[in-house]
Each structure stands twice: as C-alpha cells, then as structure tokens.
Amino acid sequence: MSDSRLGEAALFAFARHETFAPRFGWLHKAYMQVKRDQGAFLADDAPVLFGVGKNMVNAMRYWSRAFKLTRECNPAKGTQAKFSYPTWEARWLLDEDGADPYLEENGSLWLLHWWLISSRPGAKSHAPTWYTAFHLAPFSRFTTADMTQVVTRHVNFSYDKSPEEASIVRDVDCLTKMYARSAPEKAGSPGSYEDLLACPFRDLDLLTFVGTRGKPEWQFTSGNRTSLPARVLAYACLDYAAKFSRQANSISVARLANEPGSPGRAFRVRENEIVTALQKVAADHPHLNLTEAVGQRSLAFTADPFDLAWEVLDAQYDFVTRRPGFPTREEWASMFPQLAEAEQKELDTKATDTSEATEKLFDEETAA
C-alpha cells in the first residue's frame, strides 16, 4: 500500500551535509554572516569568512536551512545564485541579544532538534532521512542497512524519483554521528569530550551505540528527559497543534505522543511525560488547559496555538521579544521580503513533485 507521508512532510534533499554533522558555533557564525551579507555562502572568500574549509561551508549552509534558520531565494530576477536570508526564528535565537546565541542551554538544542524534524505547510523538513528515522521507522534498534532500507522504501512511495542509495547511507551515517557517540567510552576519557565538542546534539542522549565495532548498531533511547524544559516541550506540542488549526481548539495527548510528526516521536517521550510538562506550563498560562473526557486527556487552547507556542517559548528565555529594539515578525519580514517569496515557492511545490519545482529549491547554486 502506498504511503506518501514522507513527501507530505519533507522536501527532497539527501546528503547535502558533506558528511559533517552540525558543530558547536556553526549556526551562530552562519547567522551572523548571512545577516550582514546574504551572499556570504557563495563568496569566493567564504572559507575565510566562516573559518572552515569549503566543504564545511557547504555543510553550514545546509544545516542553517535544515534547522529553519535561513531560507534561500534568488536575490533578483534573472540570477541563478540563491542567497540565504535569516529567518525571524534565527534572529530570536542566535543574535547577540537573542535567546541563546551560543547554544549554551540544552533546551536550545531540543528546540533546534524539533525545528529540524518538524513540518508544516510552508516550513517542511529539509531532512527527510532524519524525519523518517524519528517519525516513520518501525523500530527502535537498527543498523545502517536497516535504516537505509526503511528510508528508501518511504522515498520510493513519496517522491517521483530516488536518490542514489549511497546518499541515503551517508545521511544515516551522519544521523548516527550527530546523536550518538561512535562507541562506548570510559567515563571522563578524552574521546568522550571530543565527541561532545564535535556535535552538541549528542548531549541530548537520543541515540546510543549498542553494537560492537564489528557490527555497529544504534538504539533510540526513551524515558524521562531531564534536560528537556517543560516549556520547550509545550512549545512543540502547540506548534504541532498549529499544523491542524490556527484557532481555539484542542488536541489529544495521545496524538501529541504517538502520531508521525508529533513531539512524542521527535523527543522520544511518552504520554505521561507530556502530561507532566503541559500541566506545569498550563498552571501559569490562562489560555491553556488539560482536560479529560472518556479517559482521554487533551490539551485545550483558547487562542491561536502558534501564537501561544511562542508566548510559552519566549517565557523560557526571559521574554526575548520584549527587549528594546527587538523586531516583530512583520518588521523582520519587511527587512527581508525574500523570506515570504521563498515560503510561497515551497507552498507551491506539490508534495510528490521532485522535478523542476523541487530542484529549484535545492539546485547547485553558482555565483550570479
């Protein structure tokens, strides 16, 4: 039976990270450069500007887009180059007066993880392998071959063409490098510190190495996420609810925990952990309430869940949006009108269309 859920949630993009998982400092550095010069990634001296090799510049560019911190668009008609425009979310998180520019809090890493593998119209995931692994894969323990097979199956159902298998393998390898240490290390060993420094997302402990060096296997962890702030989890729940309704409504905790695309699958948390977080946040928020009817618990909201999500998240970071000079979404959009153009192009791309329209979103850019 056909299953096109991946195509509805993620754009066609594979192995665009140049085998590099995101590293400490990359996202802040990328944001600061493209805020100043939207063509920075395409500049001849880009390796000098970013302080990394050319392949790493390409990886920084991909991860900035994948985390929804930039959108790409032609700066003018008749040009082939695609410039990178910082989103309002990037301004909120990564500016020097933003929420957490150097990603010092684990809550910020959880938030970025959500942005990477969440999807809504106009803001689909740019990481289909990651989306499949967290939301669609039917197992919790896997080898590279296992995950490659399930991603390939969903790709074949969802798009009108397929990438080379090697591209999916590179994605799976990158995913495991991103979230799991390469092999069990003795506590306090130099290797364990180097692993964490290489990629901060390993600190989330979402994936653990359970195989041997001769047969590498990984397993998704689950349970109480002590480093996941209640407000960040509540933000993700409301953000997910906004995918279906932008008005006062409700959504069951079962859906928030179990549906493909939901926070429960993204964060690998169960219903009880979601309920605990929502109860904590709702106690301080007049527009949120946990209800129960016929044994089913639901999150009720009396206003647009998207706006409520940002109220909750902003409170976690001492109300960034209330700081002097902080731009509203509208003000930021007027500074970078290409953001709206890029969003509209994505909205115009059909779920299963990987032909010209999608390629225009991800083609190999050259200087104008």
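Residues numbered from 1 in each chain as written. Predicted model: local features only at pLDDT ≥ 70, side-chain atom pairs only at ≥ 80, totals over all residues. Heavy atoms only, no water.

1. Some words on the nonpolar core
Part 1: Formed by 112 residues in total, the largest nonpolar core has its most connected members in Trp-63, Trp-92, Leu-116, Trp-130, Met-178 and Tyr-179.
Part 2: Ranked by residue count, the leading element in this core is helix H11 (residues 230-242), at 11 residues.
Part 3: The residues touching Leu-116, leaving out its near neighbours within four places in the chain, are Trp-63, Ala-66, Phe-67, Lys-68, Ser-125, Ala-127, Trp-130, Met-178 and Tyr-179. (Core = buried A, V, L, I, M, F, W, Y, C linked by side-chain atoms within 4.5 Å. Buried < 20%, exposed > 50% of the residue type's maximum accessible area, 1.4 Å probe, protein only. Helix = DSSP H or I, 4+ residues; strand = E, 2+ residues; numbered from the N terminus. Contact = heavy atoms within 4.5 Å.)

2. Looking at the sheet that holds strand E6 (residues 249-252)
Part 1: Taking strand neighbours across the sheet as the criterion, the 3 strands line up as E6-E8-E7 in an open arrangement whose pairing is antiparallel. One side of each edge strand has no neighbouring strand; the edge strands of this open sheet are E6 and strand E7 (288-293). Neighbouring strand axes in the sheet, compared pairwise and without regard to direction, differ in orientation by 30 degrees on average.
Part 2: As defined by bridge partners, E6 adjoins strand E8 (residues 296-301) across 4 bridges and the pair is classed as antiparallel. Pairing of Ile-251 across the sheet is with Leu-299, part of E8.
Part 3: Across the sheet, H11 touches E6, E7 and E8, and the angle it forms with E8 is around 80 degrees. (Pairing = 2+ DSSP bridges. Axes fitted to C-alpha atoms, helices over the stretch in contact; angles between N-to-C directions.)

3. Points about the confidence of the model for the protein
Part 1: Averaged over every residue, the pLDDT of the protein is 90; residues scoring 70 or more account for 90%.
Part 2: Across residues 351-368, confidence stays below pLDDT 50; counting only partners more than four residues off in sequence or on other chains, it has 47 contacts. (pLDDT = per-residue confidence, 0-100.)

4. Points about helix H6 (residues 106-117)
Part 1: Look at H6: 17 Å from first C-alpha to last across 12 residues, which is about the 16 Å you get at 1.5 Å a residue.
Part 2: The buried fraction of H6 is high, at 11 of 12 residues.
Part 3: Looking only at H6, the buried set comprises Gly-107, Ser-108, Leu-109, Trp-110, Leu-111, Leu-112, His-113, Trp-114, Trp-115, Leu-116 and Ile-117. (Expected span 1.5 Å × (residues − 1).)

5. A short note on the packing of H6 against helix H7 (residues 128-136)
Part 1: At their nearest, the axes of H6 and H7 sit 9 Å apart, and the two run at 105 degrees to each other. With respect to H7, the axis of H6 lies roughly perpendicular. Contact with H6, carried on its side by His-113, Leu-116 and Ile-117, involves Trp-130, Tyr-131, Phe-134 and His-135 of H7 and no other residues of that element.
Part 2: Within the contact of H6 with H7, the residues separate by chemical class into 5 nonpolar, 2 polar and no charged. (Parallel < 35°, antiparallel > 145°, perpendicular 65-115°, else oblique. Nonpolar A, V, L, I, M, F, W, Y, C, P; charged D, E, K, R; others polar.)

6. Considerations on the side chain of Lys-68
Part 1: Looking at where Lys-68 falls in the secondary structure, it is placed in the loop between helix H4 (54-66) and strand E1 (70-73).
Part 2: Salt bridges are absent for the buried Lys-68, whose nearest opposite-charge side chain, Glu-346, sits at 7.4 Å.
Part 3: A polar contact is formed between the side chain of Lys-68 and the backbone oxygen of Trp-115, at a distance of 2.4 Å. (Lys, Arg positive; Asp, Glu negative; His and termini not counted. Salt bridge = Lys/Arg side-chain N within 4 Å of Asp/Glu carboxyl O. Polar contact = N/O pair within 3.5 Å; in protein donor to acceptor, adjacent residues only side chain to side chain.)

7. Re the packing of aromatic side chains
Part 1: Under the criterion given, the structure shown has 26 aromatic pairs.
Part 2: When the ring of Phe-67 is compared with that of Phe-201, the centres are 5.4 Å apart and the planes differ by 10 degrees; the resulting orientation is stacked. Highlighted residues: Phe-67 in the loop between H4 and E1 and Phe-201 in the loop between helix H10 (190-198) and strand E4 (207-209), separated in sequence by 134 residues. Assigned by exposure class, Phe-67 and Phe-201 land together as buried.
Part 3: Residues Trp-92 and Tyr-317 carry aromatic rings whose centres are separated by 5.3 Å and whose planes lie at 80 degrees to one another, so their mutual orientation is edge-to-face. Of this pair, Trp-92 sits in helix H5 (residues 88-94) while Tyr-317 sits in the loop between helix H15 (305-316) and helix H16 (329-335), and the two are 225 residues apart along the sequence. In this structure, Trp-92 and Tyr-317 share a single accessibility class: buried.
Part 4: Looking at Arg-329, its charged tip hangs above the ring of Trp-310, at a distance of 5.2 Å from the centre. (Phe/Tyr/Trp six-rings, centres within 6.5 Å; stacked < 30°, edge-to-face > 60°. Lys NZ or Arg CZ within 6 Å of the ring centre and 35° of its normal.)

8. Considering the packing of helix H8 (residues 144-158) against helix H9 (residues 165-179)
Part 1: Between H8 and H9, whose axes approach to 9 Å, the crossing angle comes to 125 degrees. It follows from the interaxial angle that H8 and H9 lie oblique. Considering how the two elements wind past one another, H8 and H9 form a crossing that is right-handed. Contact residues: H8 offers Thr-144, Met-147, Thr-148, Val-151 and Thr-152, while H9 offers Glu-165, Ile-168, Val-169, Val-172 and Asp-173.
Part 2: Partitioning the contact of H8 with H9 into residue classes produces 5 nonpolar, 3 polar and 2 charged. (Left-handed = near helix turned anticlockwise from the far one by under 90°.)

9. Focus on the sheet that holds strand E5 (residues 218-220)
By definition, the strands of a sheet pair up through backbone hydrogen bonds, in either a parallel or an antiparallel sense.
Part 1: Across the sheet, which stays open at both edges, the 3 strands sit in the order E3-E5-E4 with antiparallel pairing between neighbours. Looking along the sheet, the strands with just one partner apiece sit at the ends: strand E3 (141-142) and E4.
Part 2: The sheet contact formed by E4 and E5 spans 3 bridges and is antiparallel. Paired with Thr-208 across the strands is Gln-219, a residue of E5.

10. Structural notes on the pattern of salt bridges
Part 1: Taken as a whole and judged by the stated rule, the model has 13 salt bridges.
Part 2: Glu-271 is the salt-bridge partner of Arg-297, the closest N and O atoms lying 3.9 Å from each other. Separated by 26 residues along the polypeptide, Arg-297 in strand E8 and Glu-271 in helix H14 (residues 271-282) bring together distant segments of the chain.
Part 3: On the basis of relative accessible area, Glu-271 is assigned to the partly exposed category, the value being 29%.
Part 4: Among the salt bridges present, the one from Glu-341 reaches Lys-345, with a minimum N-O distance of 4.0 Å. One end of the pair is Glu-341 and the other is Lys-345, both in helix H17 (residues 338-348) and 4 residues apart, which spans about a single turn.
Part 5: Judged by relative accessible area, Lys-345 falls into the partly exposed class, the value being 35%.

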